[in-house]
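Each chain is listed here by its residues.
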Amino acid sequence: MVLDAADGHLDELRDPATEALRPHWAQFFSHVGADGIGELNRRAQSLARQLRDNGVTYNVYADAAHGVQRPWSLDLFPMVVTPACWAEIEAGVLQRTRLLNTMLADIYGEQTLLKRAMLPPALVLGNPGYLRAMHGVKPLGDTWLNVAAFDLARGPDGDWRVVSQRTQAPSGLGYLLENRIAIARQFPKAFAGMKVQRLAASYQALVNGIKAIATNGEQARIALLTPGPYNETYFEHAYLARYLGLTLVEGSDLTVRDQRLFLKTLTGLEPVDGLIKRLDDEWLDPLELRSDSALGVPGLLQVMRAGNVVLANAPGSALLESSALLGFLPAICRDMLGEELLLPALPTWWCGEQAALQRVLPQLRHGVLKPTYPHSPLATVMGQSLSKDQLDRMAGRMLQQPDDFTVQSYLPLSQTPTWTGDHIAPRSAMLRVYALADGPQSWRVLPGGLVRLAPRGQLMASMQHGGSSADCWVMTDGEVDRTSLLQSAPTTLALSQARRPVTSRAAENLFWLGRYTERTENSVRLAQIILRNLHAEEQSSHALLSWMSLQAHTQSLVLANVPALPAAGTQAQRVFERSLIAALADAEGAYSVGFNLRALRLASANVRERLSQEQRNLVERAESEFADQCGQLGPDTESAAQEALNALEEASETLAGITGAQTDRMVRDNGWRLLSIGRHIERLATLALAMRQAFETRSVHDQAGFEALVALFDSTITFHAHYQQRRDAVALLDLLMLNRDNPRSLAWVLDTLRARLRKLEHGDPEFAALLVNSLPDPATWDLAALSEHDAATPSAAASPAEQDAPATEALPPAPPRYALLLGVLTQCEASAKSLSNALSQRHFSHAETSSRSLLT
């Protein structure tokens, strides 16, 4: 069943005069066939699965039902544009792009438009998008706009009109590409048979156009600048960077030296010649624009003034996004280009002009009220949706602040066919098309676009307000362009010899991903040990309670103000246990398991392009399921402890999967080596501290304390397989310190760190040697000396008197034993900290410090 389009709206599917399908839609369904129409639901399910598997998301800030991220919404049917219709769009968009580029050159140059009153000065100089820091600046190639986007609507008369234009950092190019790939796979016969024009040549032209302008030409390095993973369109930033073969960077990845822009990588600073920016202008440079920006690059505008970087688009282009400018463009086009506008805009009035205000006030019900400047707190409102009282109040606001309002004529949007699951239904649609610079002051129009569909029953198309998208198929009468980016890509041999640069930001996040993975595992294991011992049948010794208390406070399982564990059975011990359980899932006020899981998820989100979807799912599931389980803990201490242990056990199993993915499912480049180094630094520091405190509190001389330390090292099965029921210092230190086949032993951790560091720093042998030599050398450790073992003396163990001492009885001060061991463990802790600091200064912050001073 096919529903009719709403009255007053153009039906894109059928000719209302004959009720027959329009020729291009008849052609589409003929390729689909009767059998294919019966399989539309299967295709829709396949499409949804493909988008889900590809992790295509759009962040909607106000979407409480789905959280911050929700899956990208894509309809099964494309919008189809005929060759004749596209020719009109293409010519009009190219002309408008030339005009806007010329206007920017004038506004930031001679300002003849202002001097001759072609534009009201208040509309330009009062525009938040106008950057005074750009006055007098000429971008390379005199190209201000490398990407320009135009939102078009088709009226009942069949003509296309411009509704708005996007010139600052137009979004949609990545989603558009994903839409094309996804829909073409669902209808391959129709896509080939209808001669739909391909997109790859236009994307290639964008990159080549930037290189043609850049000072280094074909050798220019181009990066894509993103605000980060919390931006609503971050998916397409990462997707587009991969497709174009660009490095995805954030502001913290870049630095300015001597009026040149550099990318901070593990191997040092590498020059950057061009940036495709997806960051709003005001955040670009905290030195000259917003001083509170942590997203930009200090000194970036000075690099542009010096002619050493291409910024696409040039800063200052945001002022053209004001909807009020549309009403002035026809006269400006005649004046600056000597031409009439080929593609008209909707009639638009800026209320800052008294005549325009007086004209629109009586007609508010029939117009669309818009804020004059983007990012204004004012919302776009359709006059017909307001009551008489609301219209009166709106008119009053307009009289008080006329400059802030722009009124545009209402246009019933054309309605394109969509699939609902059991029938075809029309939905109002807008088409965003893109002009891409392919050289200095030269542009081409990408043959396609991003179609935005209004929510069912609504007339305004907006992704932020629940809308969805569709692909746009532009048919051609000529030859289909078969260009593929793969044809111009480096050869397989060249790719095999090249190494993808690891940015300092990605390296730092991978490093902390490793540290937080290890830290979370250790905190889960420690919490399990403490809860099990507090509920053991036998009463815990004073020494074990002291060690558990020290570890819980050191590893932040309890807050600092929670009293230390005294003897068993006291009220304070129950307070300690309740505090530990309460802090488990607290990701805000405590630094326990929940906090570490949150930090693990955030670190993985910052390097999502390097992790598989399965690994990201494991990380997100670990946090959410642990929080849900802890949120259901009962008030009873006994049951809460068991429920907490169940939650910790499930978290431990999920973390084992994450560890497996990190170990076996990631390419072992320098980024992975830093992840591994981060894990082993954390393991060295945590386990060395735990062992030192165990010997200092003498809990290792207690049977339960001995087992607790072995369990924290995750070596219980291995220990008993080697030593059965022995519990002496020799056996303990042999397995947990010196055994180079046990991945949890300190010797194995240090050997692994040495190997990773030599591989990481192979380009700088001197620095590698400095790092390696800063670590303790297990080859110098002597088991007999560390354990203070003498062949004629029984191995060190707790005396019967010590083992049987009641928990309430204070033990005498620890004898001055194991001084050598404690010194070695303290050295391990200190070396882990100094190694972490040295790597941070060398690879993450790129501090200009001599190599030798990094470890002092």
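Residues numbered from 1 in each chain as written. Predicted model: local features only at pLDDT ≥ 70, side-chain atom pairs only at ≥ 80, totals over all residues. Heavy atoms only, no water.

J.: Please give an account of the overall build of the protein chain that cites residues and values.
T.: If you tally the helices and strands in the protein chain, you get 29 helices and 22 strands. Taking all 856 residues of the protein chain together, 56% fall into the buried category. Considering only intrachain contacts with a sequence separation of at least 6, the fraction spanning at least 24 residues in the protein chain is 71%. Of the roughly 35,800 Å² that the protein chain leaves accessible, carbon and sulfur atoms contribute 51%. (Helix = DSSP H or I, 4+ residues; strand = E, 2+ residues; numbered from the N terminus. Buried < 20%, exposed > 50% of the residue type's maximum accessible area, 1.4 Å probe, protein only. Contact = heavy atoms within 4.5 Å. Areas by Shrake-Rupley, 256 points an atom, 1.4 Å probe, with all protein chains shown as cover.)

J.: Now, about the sheet that holds strand 9 (residues 260-265): what can you tell me, with residues and values included?
T.: Spatial ordering of the open sheet is given by 8-9-10, a layout of three strands whose pairing is antiparallel. Pairing within the sheet leaves two strands with one partner each, and these edge strands are strand 8 (254-257) and strand 10 (268-271). Pairwise comparison of adjacent strand axes, ignoring direction, gives a mean angle of 45 degrees for this sheet. (Pairing = 2+ DSSP bridges. Axes fitted to C-alpha atoms, helices over the stretch in contact; angles between N-to-C directions.)

J.: I'd like a description of the pattern of salt bridges, backed by residues and values.
T.: All chains considered together, the criterion is met by 38 salt bridges. A salt bridge links arginine 278 to glutamate 236; the shortest N-O distance between them is 2.8 Å. Of this pair, arginine 278 sits in the loop between strand 11 (274-277) and helix 10 (300-305) while glutamate 236 is found in helix 9 (residues 234-244), placing the two residues 42 residues apart along the sequence. Residue glutamate 236 is classed as buried on the basis of its relative accessible area, which comes to 0%. Arginine 727 is the partner of glutamate 707 in a salt bridge, and the nearest nitrogen-oxygen pair spans 3.0 Å. Residue glutamate 707 is found in helix 22 (residues 703-712), and its partner arginine 727 is found in the loop between helix 23 (716-723) and helix 24 (729-738); the two are separated by 20 residues along the sequence. The exposure class of arginine 727 is partly exposed, given its relative accessible area of 24%. Connected through shared salt-bridge partners, Glu518, Glu521, Arg679, Arg683 and Arg744 make up one network. (Salt bridge = Lys/Arg side-chain N within 4 Å of Asp/Glu carboxyl O.)

J.: Any details on unusual backbone geometry? Residues and values, ideally.
T.: The peptide bond linking alanine 312 to asparagine 313 adopts the cis configuration, its omega dihedral lying at 5 degrees. Turning to its location among the elements, asparagine 313 is positioned in the loop between strand 12 (310-312) and helix 11 (329-336). The phi torsion at serine 556 lies on the positive side, around 60 degrees, for a residue other than glycine. Tracing the backbone shows serine 556 in the loop between helix 16 (542-554) and helix 17 (571-583).

J.: Any chance you could break down helix 19 (residues 613-631) for me, citing the residues and the numbers?
T.: Between its first and last C-alpha atoms helix 19 spans 27 Å; for 19 residues at 1.5 Å apiece the expected length is 27 Å, and the two agree. Buried within helix 19 are the following residues: Gln615, Arg616, Leu618, Val619, Ala622, Glu623, Phe626 and Cys630. (Expected span 1.5 Å × (residues − 1).)

J.: How would you explain the packing of helix 25 (residues 746-760) against helix 26 (residues 765-773) if you had to name every residue and give the values?
T.: Taken N-terminus to C-terminus, the directions of helix 25 and helix 26 make an angle of 165 degrees; their axes are 9 Å apart at the nearest point. It follows from the interaxial angle that helix 25 and helix 26 lie roughly antiparallel. Helix 25 and helix 26 meet at a crossing whose hand is right-handed. Side by side, helix 25 and helix 26 meet where Arg754, Leu757 and Arg758 of the first sit next to Ala768, Leu771 and Val772 of the second. (Parallel < 35°, antiparallel > 145°, perpendicular 65-115°, else oblique. Left-handed = near helix turned anticlockwise from the far one by under 90°.)

J.: Describe the confidence of the model for the protein chain, naming the residues involved and giving the relevant values.
T.: Mean pLDDT over the protein chain works out to 88, with 89% of the residues at or above the 70 mark. Under a pLDDT of 50 for its full length, residues 486-498 has, in the predicted model, three contacts with residues more than four places off or in other chains. Across residues 790-812 the pLDDT falls below 50, and counting only partners more than four positions away or on other chains, this stretch makes 26 contacts in the model. (pLDDT = per-residue confidence, 0-100.)

J.: An account of the side chain of glutamine 95 is requested, with residue identities and associated values reported.
T.: With respect to the helices, strands and loops of the structure, glutamine 95 is situated in helix 3 (residues 83-107). Residue classification places glutamine 95 among the buried residues on the basis of a relative accessible area of 2%. For glutamine 95, the residues in contact, after removing those within four places along its chain, are Cys333, Leu337, Glu339, Glu340, Leu341 and Leu342.

J.: With reference to specific residues and values, describe the packing of helix 15 (residues 504-534) against helix 22.
T.: Running from N to C, helix 15 and helix 22 point in directions that differ by 160 degrees, and their axes come no closer than 10 Å. Comparing their axes, helix 22 and helix 15 come out roughly antiparallel. Note that helix 15 runs across helix 22; the crossing there is right-handed. Between helix 15, through Asn522, Arg525, Leu526, Ile529 and Asn533, and helix 22, the contact on the second element is made entirely by Ala704, Ala708, Ala711 and Leu712. Of the residues assigned to the contact of helix 15 with helix 22, the class counts are six nonpolar, two polar and one charged. (Nonpolar A, V, L, I, M, F, W, Y, C, P; charged D, E, K, R; others polar.)

J.: Explain helix 11 to me, and be specific about the residues and the numbers.
T.: If you check which residues of helix 11 are buried, you get Leu329, Ile332 and Cys333. Down the axis of helix 11, the sector holding all buried residues measures 105 degrees, keeping them to one side. The inward-facing, buried residues of helix 11 contact helix 3, helix 4 (112-115) and strand 5 (160-166). Looking one or two places after helix 11, you find glycine 338, whose phi comes out positive at around 70 degrees. (Arc of directions from axis to C-beta.)

J.: Describe the pairing of strand 8, with residues and values.
T.: Two strands pair when backbone bridges link them, and strand 8 and strand 9 are joined in this way by four bridges, in the antiparallel orientation. Residue pairing across strands places threonine 255 opposite phenylalanine 262, the latter belonging to strand 9. Here strand 8 hands over to strand 9 after two residues, with aspartate 258 in that stretch at a positive phi of 55 degrees.

J.: Break down the packing of aromatic side chains for me, citing the residues and quoting the values.
T.: The full count for this structure, using the stated rule, is 24 aromatic pairs. Their ring planes at 70 degrees and their centres at 4.7 Å tell us that tyrosine 591 and phenylalanine 595 sit as a pair that is edge-to-face. The structure contains a cluster of three or more aromatic residues connected by ring pairs, namely Trp25, Phe28, Phe29, Phe77, Phe187, Phe191, Trp419 and Trp473. In this arrangement the basic side chain of arginine 842 is found over the ring face of phenylalanine 767, its NZ or CZ atom lying 4.0 Å from the centre. (Phe/Tyr/Trp six-rings, centres within 6.5 Å; stacked < 30°, edge-to-face > 60°. Lys NZ or Arg CZ within 6 Å of the ring centre and 35° of its normal.)

J.: Talk me through the environment of arginine 505; I want residue IDs and the actual numbers.
T.: Mapped onto the fold, arginine 505 is located in helix 15. Separated by 102 residues in sequence, arginine 505 and valine 607 place their C-alpha atoms 9.0 Å apart. Not counting chain neighbours up to four residues away, the residues in contact with arginine 505 comprise Leu248, Val249, Glu250, Ser252, Asp253 and Asn606. Reaching out from arginine 505, the side chain makes a polar contact with the backbone oxygen of asparagine 606 at a distance of 3.4 Å. (Polar contact = N/O pair within 3.5 Å; in protein donor to acceptor, adjacent residues only side chain to side chain.)

J.: Describe the nonpolar core, listing the residues and the values that go with them.
T.: In this structure, Trp547, Leu709, Met737 and Leu839 are the most contacted members of the largest nonpolar core, which totals 104 residues. Residue contributions to this core peak at 13 residues, all from helix 15. Residues in contact with methionine 737, not counting those within four places in the same chain, are Met691, Leu732, Ser745, Leu746, Ala747, Trp781, Leu786, Leu821, Val824 and Leu825. Phe150, Val272, Leu326 and Trp350 belong to the second largest nonpolar core, which has 71 residues in total. (Core = buried A, V, L, I, M, F, W, Y, C linked by side-chain atoms within 4.5 Å.)

J.: Provide a residue-level description of the sheet that holds strand 14 (residues 367-371), including the pertinent values.
T.: The strand order 13-16-14-15 describes an open sheet built from four strands, whose pairing is antiparallel. On the outer flanks of this sheet lie strand 13 (348-350) and strand 15 (381-382), each paired with one strand and no other. Examined bridge by bridge, strand 14 and strand 15 share two bridges and lie antiparallel to one another. Note that in strand 15 the partner of leucine 369 across the bridge is valine 381. Relative to the sheet, helix 13 (residues 388-400) contacts strand 14 and strand 16 (405-409), its axis offset from that of strand 16 by approximately 125 degrees.

J.: Requested: an account of the pairing of strand 14, with residues and values cited.
T.: Of all the five residues making up strand 14, five are buried; the element is thus mostly covered by neighbouring parts of the structure. Of the two faces of strand 14, the one holding Gly367, Leu369 and Pro371 and the one holding Val368 and Lys370 are both buried throughout. Here strand 14 pairs with strand 16 via five bridges, running antiparallel. What sits directly across from lysine 370, in strand 16, is threonine 406.

J.: Before we move on, can you summarise the environment of arginine 621 with the specific residues and values?
T.: Mapped onto the elements, arginine 621 comes out in helix 19. Judged by relative accessible area, which is 38%, arginine 621 ranks as partly exposed. Linking arginine 621 and threonine 654, residues 33 residues apart in sequence, is a C-alpha distance of 8.1 Å.

J.: Which residues make up the environment of phenylalanine 719, and what values do they have?
T.: As for its placement among the helices and strands, phenylalanine 719 is situated in helix 23. Residue classification places phenylalanine 719 among the buried residues on the basis of a relative accessible area of 0%. Put simply, phenylalanine 719 and glutamate 707 are 12 residues apart on the chain and 9.7 Å apart in space, counted from C-alpha to C-alpha. In this structure, phenylalanine 719 is in contact with Phe706, Val710, Gln724, Arg726, Ala731, Leu732 and Leu735, ignoring residues within four places of it in sequence.

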